[in-house]
Amino acid sequence: MTVAAILNEKGREVITERGGALLLQVCQTLGTNKIGAMVIVDAKGHIEGIISERDIVKAIGREGPDALNQPVSQIMTKSVVTCTEEETVNQVMQKMSSGRFRHVPVVKDKKLNGLISIGDVVKHRIAQVEMEAEHMRTYIAMT
Ligand code: AMP
């Protein structure tokens, strides 16, 4: 299965923020939307970074509540691993596993065009395992 198949089901809209936004604002958006990470983009929609709950916890642990008044550009991860719609879900899983992160933005024509989270990958794997088990049951019943 490809990344495109997941995006066709979940949609391609991604909640983003600009690098100048304060960390507090990012926390509010993450909480309101019940998400764990946000992609930071420039005015043209090009990816500049990614910020996840882990970065926020680390920043507050290091600097205390003052961290919340800093621009997100100072805390985000700037070197972002992305994927394309044509990649397989297994390839994205490998990227998550080797990079030890749970979010992979999807890029098309150098612009953000969706986001795959570990939750999407797990959902896909469960559906795949259930389908394989069903095929196996049908095969056994026929023989
Ligand atoms: P996560 O597991 O997604 O909460 O992220 C763990 C750490 O990896 C945080 O420092 C994130 O900023 C960073 N991170 C998350 N997604 C990516 C990605 N696609 N590429 C690079 N770093 C990432």
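Residues numbered from 1 in each chain as written. Predicted model: local features only at pLDDT ≥ 70, side-chain atom pairs only at ≥ 80, totals over all residues. Heavy atoms only, no water.

For the protein, the name recorded in an unreviewed UniProt entry is CBS domain-containing protein, with Roseibium suaedae as its organism.

Chemist: What is the right way to read helix α4 (residues 89-99) from this model?
Modeler: Helical periodicity: at 3.6 residues per turn, an α-helix aligns residues three or four positions apart in one direction. The complete set of buried residues in α4 reads Val 89, Val 92 and Met 96. Taken down its axis, α4 places every buried residue within 60 degrees of arc, on the same side. α4 presents Gln 94, Ser 97 and Ser 98 as exposed residues on the side facing more than 90 degrees away from its buried surface. At its buried positions, α4 is contacted by α1 (3-10), β4 (103-108), β5 (111-117) and α5 (118-142). (Buried < 20%, exposed > 50% of the residue type's maximum accessible area, 1.4 Å probe, protein only. Helix = DSSP H or I, 4+ residues; strand = E, 2+ residues; numbered from the N terminus. Arc of directions from axis to C-beta. Contact = heavy atoms within 4.5 Å.)

Chemist: In this structure, what is going on with the environment of Met 76? I would like to understand it.
Modeler: Relative to the helices and strands, Met 76 resides in the loop between α3 (53-63) and α4. Those residues in contact with Met 76, other than ones at most four positions away along the chain, are Ile 40, Glu 48, Gly 49, Ile 50 and Ile 51.

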